[in-house]
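# Structural overview
One letter stands for each residue in the lines below.
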Amino acid sequence: MSKSLKIIAYALRFCGVLLLLSACFSLLISCSEASQRPNILFIMADDLGYSDLSCYGSEIQTPNLDRLADNGLKFTHYYTTPMCVTSRVAFLAGMEFKAAGGEGLPNATSLPVLLRDAGYSTHIVGKNHGMTNFRIGDPDTDYGFDHFYGFSGGELNSFTGEGRVEWQDDGHIFSQSELPEDFYTTKDFTDYSIRYMKEAIDQDKPFFSFVAYNAPHTPLHAPEKNVRKYYDPAKGVNVYKDGWEKMREQRLERMKQLGIVDHSVELSDPGVEIPDWELLPDTSSNPWDLQKKFEYLSRSAYAGMVDNMDENIGRIVDFLKDPNGDGNEEDSELDNTIIVFVSDNGGCYAGLYTNRNALPWNKNNGWFTTNYGWGTLSNTPFRYYKHASHEGALRSPMIIHWPDGLKVPKGELNRNMLRIWDLYPTFLELAQTELPATGAEKKPLMGKSFVSLLKGDHFEPENYFVLAFHRTRGVVKDNWKLTSYFDSPFELYNLKNDPVENNDLAKQNPEIYKQLIKEWRTYAEHHGFADDSKWNRSVGDVRRGWGYDFLPAGITATVPVCMSDEVAIDEKLQITFTGALDFSNTEGKKIRLQKYGDSTILWSADPDQSSRFQGKRIITFDDFPVLEPDTHYYITWDTGWAKFNDQGKVRPISYVKESAFAFRFRTKKIDRSSM
């Protein structure tokens, strides 16, 4: 071989060695980066209000979440959707519920599928609401989860597991009767989440843990020790003695001191649906009445559920500090675990069922629920509740804790708008993976990763949010918000100047109003529900009070209109039914009128078969009394006070009492200036 050829050969060998070393170095870097991928712990509360944590202004004690916030990030403008199922689908799909195709997310790839493909151990504990036919053990039905312990459905007894739900343990469907004697949802879901996290750590795999607590969703069940922190008459403890009106003011003041809201923010105006606390009796012999004594315990039960959830989050944090439990934190996973805490939607307005003799820690004596007054406290300072498209339904606390990854000052408040579907691309980026190219059957993500925000780098929020629910709909774009409840006309708010939505500016800003209505209609058309009379309901000219659409089946209209204000004092009660009425065997079952806070029954009726209403569909009570001006009234009735014909079947009208099925109205004020 010539000298020149030898030189070339040596050069080629040298280059090859360099290329090999370079490849090895790149592989080492890649492996090192992969080993530093964080564990992802996503904790979702159920129906927790915006201000229900003490670090957001609440009187409820949440020291463990407070510590995570103090050492992490707290967000003031995190948007979720109005309902349990729509939020859970939006999170798992990375897009709004209707865009995802609804339950089962047919238009999306479930987030855990991609995380598992990227090497993560994945599990969910607690509540599944949105993954249809969910079964562990089959890639076609597990939505990317390796483990699931919990239930599929909406609500249940937290001590017994009873409810319209299906229990599952990694593909094994079982009866609630098989749950242990000392079962309590929050505790047991925490036990299983720790078990699954430890399994992943032992396998040296990063984990994605979705802890989907059912607390503090109704029915309100909590251990006695947690409830007694807030209501224990024997020890003189009554945290909620001042009622929702005064406590809203107190919460707002604390929120201002904490910097959660600006000092200029006022409370949203109370709607007709909110009871007047000062008018409530301490007790009442009427089972349908709200009563202060019961309300103390009711709200304390809610607080107890939140209190207990916080305790169990503390257990998870303690586990992450010392996974092998030897008292030495050298094996700690806490610093390399990003913990994200949110609520699925705003606080709930009222439960459907309340047994006033129940105790929230007694698993065998009934369901225990809340009411509109406490719901508006949960969502201080905003308007409305879960199911709405107003801010009280959409704004949730959001806390992120990640010692190894956060590059912003500890305890910082962040005011950027983040949306629930932003979590999907964020978690993908943290896992160093991405959504693969999809075919026409899958829709693109709606979210934007905010990892750069966590790293302290420049981040541009999209400042756009759209929501669809069969009771409400809305669009948020920059500072403007379009919203409608049921068949109410669309309202327009400037959230920068009026974050609590007190002043409808639709008439003053017609061009912006038209633009946002066009955006809503375009969205509905693009996702195939423009002609859906339920999800894209036609709007009218009358603004409805919250709860208007919650009259029992069989009734189509009332005068006065349910949950309305400005009612004329000489209005006569009229009810329109879907079919002809039958008053046979209804003796002793009454419809009645009361002034709010007064147990005196002002008027009642007990029609029978001889009544002129027999066989009618529209009835008017001519003996309905003249009312007082500027006064809050409510109407209640007993189950079966009337029966109606429903396509050949005679059905009783279900009860209306002071719960989600309330019938309340307020009369007009007298304009004395013209007198």
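In what follows, the structure referred to is the one given above.
Residues numbered from 1 in each chain as written. Predicted model: local features only at pLDDT ≥ 70, side-chain atom pairs only at ≥ 80, totals over all residues. Heavy atoms only, no water.

## Some remarks on the overall build of the chain
Across its full length, the chain holds 13 helices and 28 strands. The C-alpha atoms of the chain give a radius of gyration of 28 Å, which matches the 26 Å a tight globule of 675 residues would have. The dimensions of the chain, computed from C-alpha atoms along their principal axes, are 120 × 60 × 55 Å. Burial status across the chain gives 57% buried among its 675 residues. Partitioning the contacts of the chain with sequence separation of at least 6, the portion at a separation of at least 24 is 72%. Carbon and sulfur atoms make up 50% of the accessible area of the chain, which totals about 27700 Å². (Helix = DSSP H or I, 4+ residues; strand = E, 2+ residues; numbered from the N terminus. Rg over C-alpha atoms; globule rule 2.2 N^0.38 Å. Buried < 20%, exposed > 50% of the residue type's maximum accessible area, 1.4 Å probe, protein only. Contact = heavy atoms within 4.5 Å. Areas by Shrake-Rupley, 256 points an atom, 1.4 Å probe, with all protein chains shown as cover.)

## Topic: the nonpolar core
In this structure, Trp637 and Trp641 are the most contacted members of the largest nonpolar core, which totals 202 residues. Ranked by residues supplied to this core, first place goes to helix H8 (residues 292-321) with 14 residues. Dropping the residues within four chain positions of it, Trp637 is found in contact with Leu551, Pro552, Ile555, Ile575, Lys590, Ile591, Arg592, Ile653, Ser654, Tyr655, Val656 and Phe663. (Core = buried A, V, L, I, M, F, W, Y, C linked by side-chain atoms within 4.5 Å.)

## Considerations on the sheet that holds strand E28 (residues 664-667)
Here 5 strands make up an open sheet; going across it, the order is E19-E28-E25-E22-E23 and the pairing mixed. A single partner strand is all that each edge strand has here, and the edge strands are strand E19 (564-567) and strand E23 (601-605). Sheet twist, expressed as the mean angle between neighbouring strand axes with direction ignored, is 25 degrees. As paired strands, E19 and E28 are joined by 2 bridges and run parallel to one another. (Pairing = 2+ DSSP bridges. Axes fitted to C-alpha atoms, helices over the stretch in contact; angles between N-to-C directions.)

## Details of the pairing of strand E1 (residues 39-45)
Counting buried positions along E1 yields 7 of 7 residues, so the element is predominantly enclosed. Alignment of E1 against strand E10 (residues 337-343), held across 7 bridges, turns out to be parallel. If you follow Ile40 over to E10, its bridge partner there is Ile338.

## Focus on the packing of aromatic side chains
According to the stated counting rule, one finds 59 aromatic pairs in the structure shown. What links up through ring pairs into an aromatic cluster is the set Phe577, Phe583, Trp603, Phe613, Phe621, Phe624, Tyr633, Trp637, Trp641, Phe663 and Phe665. Cation over ring: Arg195 sits above Tyr192, and NZ or CZ is 4.3 Å from the ring centre. A cation over an aromatic ring shows up here: Arg383 above the ring of Tyr384, its NZ or CZ 5.7 Å from the ring centre. (Phe/Tyr/Trp six-rings, centres within 6.5 Å; stacked < 30°, edge-to-face > 60°. Lys NZ or Arg CZ within 6 Å of the ring centre and 35° of its normal.)

## Description of the sheet that holds strand E20 (residues 574-577)
Across a sheet, paired strands are connected by hydrogen bonds in the backbone, their directions being either parallel or antiparallel. Pairing in this open sheet of 3 strands is antiparallel, and the strands run E18-E20-E24 from one edge to the other. Looking at the sheet topology across the chains shown, the edges are occupied by strand E18 (555-559) and strand E24 (618-620). Looking at each pair of strands side by side, their axes are set apart by 10 degrees on average, direction ignored.

## Examining the side chain of His217
Tracing the sequence through the fold places His217 in the loop between strand E7 (207-212) and helix H6 (224-227). A polar contact of 3.4 Å, which involves the side chain of His217, links it to the side chain of Lys386. When sequence neighbours within four positions are dropped, the list of residues in contact with His217 reads Asp46, Asp47, Cys84, Lys127, Gly154, Glu155, Met305 and Lys386. (Polar contact = N/O pair within 3.5 Å; in protein donor to acceptor, adjacent residues only side chain to side chain.)

## Observations regarding the packing of helix H3 (residues 84-93) against helix H11 (residues 423-430)
Two elements in contact, H3 and H11, have axes separated by 7 Å at closest approach and are oriented at 35 degrees. Contacts between H3 and H11 involve Phe91, Leu92 and Ala93 from the first element and Leu423, Tyr424 and Phe427 from the second. Split by residue class, the contact of H3 with H11 holds 6 nonpolar, no polar and no charged. (Nonpolar A, V, L, I, M, F, W, Y, C, P; charged D, E, K, R; others polar.)

## Points about H8
Look at H8: 43 Å from first C-alpha to last across 30 residues, which is about the 44 Å you get at 1.5 Å a residue. Taken across its 30 residues, H8 has 25 buried, putting it largely inside the fold. (Expected span 1.5 Å × (residues − 1).)

## Overview of unusual backbone geometry
Going from Ala215 to Pro216, the amide bond is cis rather than trans, its omega being 0 degrees. Here Thr218 and Pro219 are connected by a cis peptide whose omega angle stands at 0 degrees. Along the chain, Pro219 turns up in the loop between E7 and H6. The phi torsion at His387 lies on the positive side, around 90 degrees, for a residue other than glycine. As for its position among the elements, His387 is in the loop between helix H9 (372-378) and helix H10 (391-394).

## Some thoughts on the pattern of salt bridges
Scanning all chains against the criterion turns up 33 salt bridges. In this structure, Lys127 and Asp46 form a salt bridge, with 2.8 Å as the shortest nitrogen-oxygen distance. Of this pair, Lys127 sits in strand E3 (residues 121-128) while Asp46 sits in the loop between E1 and helix H2 (63-70); the two residues are 81 residues apart in sequence, bridging distant segments of the chain. You can call Asp46 buried: its relative accessible area is 0%. Residue Asp307 is joined to Lys229 by a salt bridge in which the shortest nitrogen-to-oxygen separation is 3.0 Å. (Salt bridge = Lys/Arg side-chain N within 4 Å of Asp/Glu carboxyl O.)

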